[in-house]
Amino acid sequence: MTIPDGVTTLSYSAFQGNQTVVSVVIPNSVTEIQSYAFMDCPCLEEVTLPNNLQKTDSFVFDQSPKLKKVIFAEGTQEINVSQNFFYGCAVEEVVLPESVKKIGDYAFSEIAALKEINLPDSITEIGTEAFRKCSGLTNIKLPEGLTALGGRAFAECENLAEIYIPAHLTDVGGYIEDENGNASYSSPFYGCAALRTVPSVYKGQTVRMAEFTVLLRYFQSAYVQYASFKCLAELQI
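Residues numbered from 1 in each chain as written. Predicted model: local features only at pLDDT ≥ 70, side-chain atom pairs only at ≥ 80, totals over all residues. Heavy atoms only, no water.

Some remarks on the overall build of the protein
Then, number 1: A count of helices and strands for the protein gives one helix and 19 strands.
Then, number 2: A separation threshold of at least 6 residues defines the contact pool for the protein, and within that pool the share at least 24 residues apart is 44%. (Helix = DSSP H or I, 4+ residues; strand = E, 2+ residues; numbered from the N terminus. Contact = heavy atoms within 4.5 Å.)

If you want it as structure tokens, here you go:
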């Protein structure tokens, strides 16, 4: 199904209960998608989202269990979707164009089925909890252009075993408030119990103690031990 160009808003429950739609191409004219727009579409397998999406609600694809693939249209620069935008579906693959520069807070959080996402080197920022609790992820190569990685960006990804850290990443983690309003530093990899392999960017290099301390901060509360940094040639005190 192709929605006509010129439509700007997909309203509340617009296609809810559609029993036949298998794929949807949403035109770039659409800037807003409201709650339950594609709720309970049992045959829906693939969605192409527009490149200028500015406002979204939660539970857009709730109870659409066959939705496996999401494509962001060419020209998309920021992935800014609401928390729980993909709630209730089993997305396994997300396709991002080379134009993407930022993945916003909570964009793909709690998509347990997500197994594959290629992060283009054009991305410079990944927001808070962007991939939190994506338990299907086993390895991630962070983009070469990445400079900022938000607090708990990959937190509690329990099967994430390997992560590649680019050389120019300087802004790591962030301060997140608890239910009492108290802020504390939170690592991007908090609670990643399977994480063992660390940045190949440092393979065979000598690393200064100050830099090594920063590396440890990346993995605060993850289960990486000093001995796991096998990629280091030596540690310079």
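Now, onward.
Quick word on a negative patch on the surface
Then, number 1: A cluster of acidic residues, Glu78, Asp105, Glu125 and Asp171, forms a negative patch at the surface.
Then, number 2: Position of Asp105 relative to the elements: it lies in the loop between β9 (102-103) and β10 (116-117).
Then, number 3: Assessed through its relative accessible area of 41%, Asp105 is described here as partly exposed. (Patch = residues over 30% accessible without salt bridge, like charges linked within 9 Å, V, L, I, M, F, W, Y side chains within 5 Å. Areas by Shrake-Rupley, 256 points an atom, 1.4 Å probe, with all protein chains shown as cover. Salt bridge = Lys/Arg side-chain N within 4 Å of Asp/Glu carboxyl O. Lys, Arg positive; Asp, Glu negative; His and termini not counted. Charge placed at Lys NZ, Arg CZ, Asp CG, Glu CD. Buried < 20%, exposed > 50% of the residue type's maximum accessible area, 1.4 Å probe, protein only.)

Some words on unusual backbone geometry
Then, number 1: Of note in the backbone geometry, Glu110 takes a positive phi value of approximately 65° without being a glycine.
Then, number 2: By the secondary structure assignment, Glu110 is in the loop between β9 and β10.
Then, number 3: Judged by relative accessible area, which is 43%, Glu110 ranks as partly exposed.
Then, number 4: Positive phi values are uncommon outside glycine, yet Glu129 reaches one of about 55°.
Then, number 5: Note that Glu129 resides in the loop between β11 (125-126) and β12 (139-141).
Then, number 6: When its relative accessible area of 10% is taken as the criterion, Glu129 is described as buried.

Remarks on the sheet that holds strand β15 (residues 171-172)
Then, number 1: If you walk across this open sheet you meet the five strands as β7-β9-β11-β13-β15, and the pairing is parallel. Each edge of the open sheet is held by one strand with a lone partner, namely β7 (78-79) and β15.
Then, number 2: In terms of strand pairing, strand β13 (residues 148-149) meets β15 through two bridges, oriented parallel. Opposite Ala148, over in β15, you have Asp171 as the bridge partner. (Pairing = 2+ DSSP bridges.)

Section: the packing of aromatic side chains
Then, number 1: As enumerated under the stated definition, the model contains 13 aromatic pairs in all.
Then, number 2: Measuring from centroid to centroid gives 5.2 Å for Phe59 and Tyr87, while their planes differ by 90°, and the two rings are edge-to-face. With Phe59 in the loop between β5 (55-56) and β6 (69-72) and Tyr87 in the loop between β7 and β8 (93-95), this residue pair connects regions lying 28 residues apart in the sequence.
Then, number 3: Since its relative accessible area comes to 27%, Phe59 is described here as partly exposed.
Then, number 4: Between Phe154 and Phe189, the ring centres sit 6.0 Å apart and the planes meet at 15°, which makes this aromatic pair stacked. Of the two residues, Phe154 is situated in the loop between β13 and β14 (162-164) and Phe189 in the loop between β17 (183-186) and β18 (205-208); the sequence distance between them amounts to 35 residues. In this pair, the class of Phe154 matches that of Phe189, namely buried.
Then, number 5: Note that Arg152 overlies the ring of Tyr190, its terminal NZ or CZ placed 4.5 Å from the centroid. (Phe/Tyr/Trp six-rings, centres within 6.5 Å; stacked < 30°, edge-to-face > 60°. Lys NZ or Arg CZ within 6 Å of the ring centre and 35° of its normal.)

Details of the pairing of β6
Then, number 1: Bridging between strand β4 (residues 46-49) and β6 involves four bridges; their strand directions are parallel. By the bridge assignment, Thr48 is partnered in β6 with Ile71.
Then, number 2: As defined by bridge partners, β6 adjoins β8 across three bridges and the pair is classed as parallel. Each bridged residue has a counterpart across the sheet, and for Val70 the counterpart in β8 is Val94.

Just geometry here; none of it tells us what the structure is for.
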